[in-house]
Amino acid sequence: MTDSIIEFIKTFLMLFFELLLLFIVVSFIVSLIQQVVSEEKIKKLLSKPNKAVNYILGMIFGAVTPFCSCSTIPILAGLLNSKVPFGPAMSFLIASPLMNPLMIFMLWALLGWKVAVVYFVVLAIFSILTGLVFSKMNLAESYKGVNVKGDGFFANKSGSRFKQALNDAWAFLYPMLPYLFIGVSIGAFIYGFIPEEFITKYASGDGFISVFIASVIGIPMYIRPETVLPIAEALVSKGMSLGTVVALIIGGAGASIPEVVLLSKLFKKKFVISFVIAILVVAVATGLTVNLII
């Protein structure tokens with residue numbers, strides 16, 4: 001029990017301050033970009049005449065941004081506040097934590113190039129489809145809107161851009177702090193008190209049930225790219241199939257509890273539920289595809 005408590009405290013402190021720093025840095029960068037690049041230019045970038053291209057661009061933008069699930073939130077808010085079409089923004093949200101270069105490299109290094117390629121292709125397709133489905137479901141209405149300043153995010157600003165970016169970063173972070181605290185606490189509890197054997201006991205096969213269970217178990221975990229290698233290596237060594245491991249990784253990296261809690265601050269319940277379901281579908285589909293092909 002003592003070891004579990006120590007692990008909980010260590011994990012909580014590490015995750016909380018890491019995410020705190022990431023939030024400030026990412027929000028700061030987003031604010032600087034928004035001060036330099038006009039709202040109209042940002043909107044135009046992901047508002048091509050061909051709507052299919054917009055979804056592909058949203059997916060690509062997500063794939064090339066090396067952010068974890070939580071640090072995509074400030075960027076997502078910036079995109080939506082810039083009036084970027086909702087669907088492509090959702091494709092970005094799905095792709096960013098799951099398809100970033102570090103994640104792909106880690107999978108390649110541990111599970112081989114075939115798994116990495118299947119993973120990338122399936123995730124690319126599903127991120128585009130998810131954006132399209134979310135748009136058709138009119139989930140844009142679920143966005144509560146986040147103004148980091150009383151006079152609007154893109155209002156005329158006085159003073160230096162650096163100071164303004166710091167102000168904007170803090171203004172975005174401050175209302176998120178309770179949600180960040182709660183989400184990280186739950187994630188740290190999972191790490192500290194739920195043993196690895198519990199996961200392998202209920203998700204050791206390669207069929208639908210095992211893959212689905214692994215996806216669900218992954219969601220309470222906060223899986224960052226740098227933690228993929230040791231987690232996946234340990235589970236594979238205990239006999240878990242490659243596809244089941246992939247499903248666990250997608251569940252944890254794509255819809256971690258800290259991210260879900262933060263999204264609940266930005267969106268209504270309908271969106272949050274739809275998002276979690278989408279990640280589960282993506283995780284199960286990718287896991288089964290890997291088990292089928294590899």
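The name given to the protein in an unreviewed UniProt entry is Permease, and the organism recorded there is Mammaliicoccus sciuri. Quoted straight from UniProt, the Sequence similarities (unreviewed entry) entry for the protein says "Belongs to the UPF0718 family." Of the comments in the UniProt record for the protein, the one headed Subcellular location (unreviewed entry) reads "Cell membrane".

Turning to the overall build of the protein, a few remarks are in order. The secondary structure content of the protein amounts to 15 helices and zero strands. Buried positions account for 52% of the 294 residues belonging to the protein. In the protein, 84% of the contacts between residues at least 6 apart in sequence involve partners at least 24 apart. A total of about 13,300 Å² of accessible surface is found on the protein, and carbon and sulfur atoms cover 70% of it.

With phi around 65°, lysine 83 is a residue other than glycine that occupies positive phi space. Inspection of the secondary structure assignment puts lysine 83 in the loop between α4 (72-81) and α5 (86-99). For asparagine 138, which is not a glycine, the phi torsion comes out positive at approximately 60°. With respect to the element layout, asparagine 138 can be found in the loop between α7 (113-136) and α8 (161-173).

Examined against the element boundaries, leucine 13 turns out to sit in helix α1 (residues 2-36). The spacing of leucine 13 and serine 185 is 172 residues in sequence and 9.3 Å in space, taken between C-alpha atoms.

Turning next to a nonpolar patch on the surface. Taken together, the side chains of Trp108, Trp113, Val117, Phe120, Val121, Ile125, Leu129 and Leu132 define a hydrophobic patch exposed on the protein surface, amounting to about 740 Å² of accessible area. Among the elements that take part in the nonpolar patch, α7 stands out by supplying seven residues, more than any other. Within the secondary structure, phenylalanine 120 sits in helix α7.

The contact between helix α11 (residues 208-218) and helix α15 (residues 269-293) brings their axes to 9 Å, and the two run at 135°. Taken together, the axes of α11 and α15 lie oblique to each other. Along this stretch, α11 crosses α15, giving a crossing that reads as right-handed. Between α11, through Phe208, Val211, Phe212, Ser215 and Val216, and α15, the contact on the second element is made entirely by Leu280, Ala283, Val284, Gly287, Leu288 and Asn291. Classifying every residue of the contact of α11 with α15 gives eight nonpolar, three polar and no charged.

Taken from the UniProt record, the annotation "transmembrane region" (unreviewed entry) applies to residues 12-33, 53-77, 89-110, 117-134, 176-194, 206-223, 243-264 and 271-293. Taken end to end, residues 89-110 is 95% helix and 0% strand, and its first and last C-alpha atoms sit 30 Å apart. The span residues 271-293 shows a helical share of 100% and a strand share of 0%, and its end C-alpha atoms are spaced 32 Å apart.

Following both chains from N to C, one finds α5 and helix α6 (residues 101-111) inclined at 45°, their axes separated by 6 Å at the closest point. The angle between α5 and α6 places the two elements in the oblique class. Two secondary-structure elements touch here, α5 through Pro97, Leu98 and Met99 and α6 through Pro101, Met103 and Ile104. The residue inventory of the contact of α5 with α6, partitioned by class, reads six nonpolar, no polar and no charged.

Below, the discussion takes up the side chain of threonine 286. Structurally, the position occupied by threonine 286 is in helix α15. Its relative accessible area of 0% is what places threonine 286 among the buried residues. Ignoring anything within four residues of it in the chain, the contact list for threonine 286 reads Tyr119, Val122, Leu123, Val246 and Ile250.

Basis of the calculations
Residues numbered from 1 in each chain as written. Predicted model: local features only at pLDDT ≥ 70, side-chain atom pairs only at ≥ 80, totals over all residues. Heavy atoms only, no water. UniProt positions renumbered as here; feature names shortened; annotations may be inferred. Helix = DSSP H or I, 4+ residues; strand = E, 2+ residues; numbered from the N terminus. Buried < 20%, exposed > 50% of the residue type's maximum accessible area, 1.4 Å probe, protein only. Contact = heavy atoms within 4.5 Å. Areas by Shrake-Rupley, 256 points an atom, 1.4 Å probe, with all protein chains shown as cover. Patch = residues over 30% accessible without salt bridge, like charges linked within 9 Å, V, L, I, M, F, W, Y side chains within 5 Å. Salt bridge = Lys/Arg side-chain N within 4 Å of Asp/Glu carboxyl O. Axes fitted to C-alpha atoms, helices over the stretch in contact; angles between N-to-C directions. Parallel < 35°, antiparallel > 145°, perpendicular 65-115°, else oblique. Left-handed = near helix turned anticlockwise from the far one by under 90°. Nonpolar A, V, L, I, M, F, W, Y, C, P; charged D, E, K, R; others polar.

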